Amino acid sequence: MSADQTSEAGRAVGQRVRRLRMAQGTSLSALARAAGIGKATLSGLEHGTRNATLETLHAVAGVLGVPITTLVLEPGAPPTQMADVHGSAVTPSLIEVFHEPQVTFELLTITVRPGVLQHSPAHAPGVTEHLTVTRGVLRVGPATAPVLLHPGEHHSWRADTAHVYEAPGAEEAAAVLLIRSPRTGTPS
């Protein structure tokens with residue numbers, strides 16, 4: 001993406017965050033505090049002057065009770081138009097978003113850079129993640145009990161608590177990740 005496209009995408013993400021925050025009647029300070037991020041960081045995100053990390057966007061989405069694609073993808077836009085975001089170790093690529101009456105599914109491929117442990121904040125209540133390793137070795141799952149996976153192995157966990165991603169070897173790892181998010185006010 002060019003710098004102009006990146007800043008345009010960043011402004012669009014910020015506008016969606018601000019719109020959702022205001023629709024819920026939440027102040028900037030309250031959202032920043034609940035998401036565990038600085039007020040200046042959130043303000044910069046909303047104004048499109050700061051590019052948010054995957055960790056920041058997951059924290060904000062979790063507090064707002066929405067799937068992350070609600071923040072990084074314009075409603076009805078194809079997955080290829082997802083804003084370019086990455087975490088300290090994880091780079092996602094959205095394949096598809098599926099909406100059912102009570103649940104949203106986000107299907108992604110992810111690559112995980114070696115040598116970095118990425119901490120992902122808790123997502124909204126009832127969110128689960130389902131990951132299958134396609135290349136390399138990954139340590140994933142709840143921060144208190146991650147598991148080591150090899151190609152072809154699968155693990156699922158509740159993602160409404162802090163969780164981690166790590167490629168513990170010297171090689172980059174890859175996986176397919178399905179995130180299941182119950183709609184607010186619906187049973188999980």
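Residues numbered from 1 in each chain as written. Predicted model: local features only at pLDDT ≥ 70, side-chain atom pairs only at ≥ 80, totals over all residues. Heavy atoms only, no water.

Read from one edge to the other, the open sheet built from 5 strands follows the order 1-2-9-4-7, with strand pairing classed as antiparallel. The strands lining the two open edges of the sheet, one partner per strand, are strand 1 (90-99) and strand 7 (154-158). Looking at each pair of strands side by side, their axes are set apart by 20° on average, direction ignored. As paired strands, strand 2 (residues 103-112) and strand 9 (residues 173-182) are joined by 10 bridges and run antiparallel to one another. The partner of E106 across the bridge, within strand 9, is I179. (Pairing = 2+ DSSP bridges. Helix = DSSP H or I, 4+ residues; strand = E, 2+ residues; numbered from the N terminus. Axes fitted to C-alpha atoms, helices over the stretch in contact; angles between N-to-C directions.)

Let us now look at the nonpolar core. In terms of nonpolar packing, the biggest core is built from 48 residues, with L42, L57, V60, L71, V72, L131 and L138 touching the most fellow members. Sort the elements by how many residues they give to this core and helix 4 (residues 54-64) lands first, with 6 residues. Ignoring any residue separated from it by four or fewer positions in sequence, one finds L131 in contact with I110, L138, V140, L149, E153, H154, H155, W157, Y165, A175, V176 and L177. (Core = buried A, V, L, I, M, F, W, Y, C linked by side-chain atoms within 4.5 Å. Buried < 20%, exposed > 50% of the residue type's maximum accessible area, 1.4 Å probe, protein only. Contact = heavy atoms within 4.5 Å.)

Glancing now at the packing of helix 2 (residues 28-35) against helix 3 (residues 39-46). Axis angle and axis distance: for two packed helices, these are the angle between their axes and the distance between the axes, and together they describe the pair. Where helix 2 contacts helix 3, the two axes come as close as 9 Å, and the packing angle between them is 115°. Once helix 2 is placed against helix 3, the crossing between them reads as right-handed. Along the contact surface, helix 2 presents L28, S29, L31 and A32, while helix 3 presents K39, L42, S43 and E46. (Left-handed = near helix turned anticlockwise from the far one by under 90°.)

Time to look at the packing of aromatic side chains. The description of an aromatic ring pair uses the distance of the two centres, along with the angle that the planes make with each other. Counting across every chain of the model gives 1 aromatic pair. Here W157 and Y165 contribute two aromatic rings whose centre-to-centre distance is 6.2 Å and whose plane-to-plane angle is 65°, an arrangement assigned as edge-to-face. Residue classification places W157 among the buried positions, given a relative accessible area of 5%. We classify Y165 as buried; its relative accessible area is 5%. (Phe/Tyr/Trp six-rings, centres within 6.5 Å; stacked < 30°, edge-to-face > 60°.)

Attention now goes to the pattern of salt bridges. Under the criterion given, the structure shown has 5 salt bridges. Put simply, R139 and E166 hold a salt bridge, and the shortest N to O gap is 3.0 Å. In this pair, R139 is assigned in strand 5 (residues 138-142) and E166 in strand 8 (residues 163-166), connecting sequence segments 27 residues apart. For R139, a relative accessible area of 29% gives the class partly exposed. Overall, the relative accessible area of 18% leaves E166 in the buried class. In this structure, R158 engages D160 in a salt bridge whose closest nitrogen and oxygen atoms are separated by 2.8 Å. (Salt bridge = Lys/Arg side-chain N within 4 Å of Asp/Glu carboxyl O.)

The next thing to look at is the confidence of the model for the protein. Scored by pLDDT, the protein has a mean of 90; 95% of the residues are at 70 or more. Segment residues 1-6 is flagged for pLDDT under 50; beyond a separation of four residues in sequence, or across chains, it makes 4 contacts in the model. (pLDDT = per-residue confidence, 0-100.)

Strand order in the open sheet formed by 4 strands is 3-8-5-6, with antiparallel pairing between adjacent strands. The sheet is open, and its two edges are formed by strand 3 (117-120) and strand 6 (147-149), each paired on a single side. Averaged over all adjacent pairs, the angle separating strand axes in this sheet is 20°, with direction ignored. When strand 5 meets strand 6, the two strands line up antiparallel, connected through 3 bridges. Of the residues in strand 6, the one forming a bridge with L138 is L149.

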